[in-house]
Amino acid sequence: MQRTLKNLYKSNFLPCFKAPAPFIFKSPYLSLSHKKFYNFSTEPESKVPQNLAEKLDNATALFHERNYTESLRLFHECLRSFKEHGLEQDLDAAYAHFIVSRIHHEKNEHEQAVIAGEKAFKISEKAEKEYGMLNQLSVLTSILGISYMKLKNYDKAEEYLRKCLHYKLRSEEPQLVIGNYHEILGQCLLKNGKTQEALDHFMQAAELLSVNKKELSKLGSVYYEIGEVYLSLGQKEDALNYYTKAIENKAFEKNAVQQAYAASKAGLLAAKIKQQTLAKDLSNKAIEIATQCPADQTVLAVYSNIEQIYKELGQPLEALNVFKGILSSLPENSIAVNQILKSITYMLAGVGTKQQDINFLRDLISAHIKKYGENSPQLVFYYHHLANFDKNAMRYNEA
């Protein structure tokens, strides 16, 4: 039964796992799955009966087939057998606990994942000095750290992610892998209120990822996270610098919505530190990207930031033209229409006469009717906002 760790542990939750090369073992009784999991410097003598080792392999095969129900059933049978034979601390038992943890992890059942994972780690950690299993311990601690993050237990997540990074450094994994885990640990530390230390790990991640052309999109995300940290520390110029680096990262364009949001945040920051030209350039870039994306909560946040940019700049008239342009580019049923109209209404309140405000909104209504017809459901939003200025429009709003 030829299986590799790369296939065994392939998962979205473990993007950085590097499988070691296959190894050949002499013991006929130690489960093949177990052998693929542990890279022993010294192979332990197996006490596991052959039929139990075979059952462990069958459970692993079901795991590969993503038949999680049957796989879990067999692994739990194996664990009961280990207990009956007094082998609860055997490394095959650790392996069974690990895959049980792994299955629960993939099913987003993180409480069960950490219970099984802790058992696997305690057994494996004790054997590490004697047998040498750095790669495998790094996988275990990675799953435990990420599961604890999902459970918002950031103290335990930090503990295991630090161990994970320690094992990965000792096993001399590639810079790409180390960089990714510096980022994950940085995210955890940030959640745990350790902002400066999080920044240190993000910086290390950026340095390591910058040398790998395949990870340029990841580098853009790290730059954005560094910008967020600097902003939380009140260091606006540094924050703007890293937001801009993220936006300029070509591979970051793959995540268009996030890029638009980063551009809008950077634009708002530029407006706050009185860099007017840069603020407008970043605002325009954010709009250009956002209007090409399906509207979601992040896109709505982009438009909210655009409004804040022009508030900071004190340019409501220019803002009206900007939002009029956004409105004309949106699909008829976009959820962003109402928010854009709210921004326009806010800007109108401080500009011109009441009649000018009414005329501006009626021009928008006419343009919408010309484009989509008088039965467009979005007209209710237009009339609702018009009613704030013209009570005669109330009947349309009620209709």
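All figures in this text were calculated on a predicted structure; none of them were measured in a lab.

Calculation rules
Residues numbered from 1 in each chain as written. Predicted model: local features only at pLDDT ≥ 70, side-chain atom pairs only at ≥ 80, totals over all residues. Heavy atoms only, no water. Helix = DSSP H or I, 4+ residues; strand = E, 2+ residues; numbered from the N terminus. Expected span 1.5 Å × (residues − 1). Buried < 20%, exposed > 50% of the residue type's maximum accessible area, 1.4 Å probe, protein only. pLDDT = per-residue confidence, 0-100. Contact = heavy atoms within 4.5 Å. Phe/Tyr/Trp six-rings, centres within 6.5 Å; stacked < 30°, edge-to-face > 60°. Lys NZ or Arg CZ within 6 Å of the ring centre and 35° of its normal. Salt bridge = Lys/Arg side-chain N within 4 Å of Asp/Glu carboxyl O. Axes fitted to C-alpha atoms, helices over the stretch in contact; angles between N-to-C directions. Parallel < 35°, antiparallel > 145°, perpendicular 65-115°, else oblique. Left-handed = near helix turned anticlockwise from the far one by under 90°. Nonpolar A, V, L, I, M, F, W, Y, C, P; charged D, E, K, R; others polar.

Draft legend 1. A look at helix α8 (residues 154-170). Between its first and last C-alpha atoms α8 spans 24 Å; for 17 residues at 1.5 Å apiece the expected length is 24 Å, and the two agree. Residues Tyr154, Ala157, Glu158, Tyr160, Leu161, Cys164, Leu165, Tyr167 and Lys168 constitute the buried set of α8. Backbone geometry just downstream of α8 places Glu172 in the positive-phi region, at approximately 55°.

Draft legend 2. The arrangement of unusual backbone geometry in detail. For Arg66, which is not glycine, the phi torsion reads 60° and is therefore positive. Among the secondary structure elements, Arg66 is positioned in the loop between α3 (50-64) and α4 (68-84). Overall, the relative accessible area of 56% leaves Arg66 in the exposed class. Its identity as a non-glycine residue notwithstanding, Asn108 has a phi of 60°, on the positive side. Residue position: Asn108 is located in the loop between α5 (91-106) and α6 (110-131).

Draft legend 3. Highlighting the confidence of the model for the protein. In the predicted model, the protein carries a mean pLDDT of 82, and 82% of its residues have values of at least 70. Low confidence marks residues 1-44, where pLDDT is under 50. Its contacts with residues over four positions away, or in another chain, come to 114 contacts. Under a pLDDT of 50 for its full length, residues 395-399 has, in the predicted model, 4 contacts with residues more than four places off or in other chains.

Draft legend 4. Quick look at the environment of Ala301. Looking at the element boundaries, Ala301 is found in helix α15 (residues 297-313). On the basis of relative accessible area, Ala301 is assigned to the partly exposed category, the value being 25%. Along the backbone, Ala301 and Ala336 are 35 residues apart, and their C-alpha atoms lie at a distance of 9.9 Å.

Draft legend 5. A look at the packing of aromatic side chains. Throughout the structure, instances matching the rule amount to 7 aromatic pairs. Measuring from centroid to centroid gives 5.8 Å for Tyr223 and Tyr242, while their planes differ by 50°, and the two rings are tilted. Residue Tyr223 is located in helix α11 (residues 216-232), and its partner Tyr242 is located in helix α12 (residues 236-248); the two are separated by 19 residues in the primary sequence. The same class applies to Tyr223 and to Tyr242, which are both buried. Centre to centre, the rings of Tyr224 and Tyr243 are 5.5 Å apart; their planes meet at 45°, and the pair counts as tilted. You can see Tyr224 sitting in helix α11 and its partner Tyr243 sitting in helix α12, a full 19 residues away along the chain. Pair check on accessibility: Tyr224 and Tyr243 agree, each one buried. Taking NZ or CZ as reference, Lys163 lies 5.1 Å from the ring centre of Tyr160, over its face. Taking the ring centre of Tyr346 as reference, the NZ or CZ of Lys311 above it sits at 4.0 Å.

Draft legend 6. Geometry of the pattern of salt bridges. Applying the stated criterion across every chain, the model contains 16 salt bridges. Taking the shortest distance from any N to any O, the salt bridge between Arg73 and Glu77 comes out at 2.6 Å. Taken as a pair, Arg73 and Glu77 lie in helix α4 at a separation of 4 residues, close to a single helical turn. A relative accessible area of 39% places Arg73 in the partly exposed class. Here Glu318 and Lys280 are joined by a salt bridge, their closest N and O atoms 2.9 Å apart. With Glu318 in helix α16 (residues 316-329) and Lys280 in helix α14 (residues 276-290), this pair connects stretches of sequence that are 38 residues apart.

Draft legend 7. Molecular detail of the packing of helix α7 (residues 134-150) against α8. As a packed pair, α7 and α8 sit with axes 8 Å apart at the nearest point and diverge in direction by 155°. Taken together, the axes of α7 and α8 are roughly antiparallel relative to one another. Crossing angle aside, the handedness with which α7 passes α8 is left-handed. Touching Leu134, Leu137, Ser138, Thr141, Ser142, Leu144, Gly145, Ile146, Tyr148 and Met149 of α7 are Tyr154, Lys156, Ala157, Tyr160, Leu161, Lys163, Cys164, Tyr167, Lys168 and Arg170, all from α8. By residue class, the composition of the contact of α7 with α8 is 12 nonpolar, 4 polar and 4 charged.

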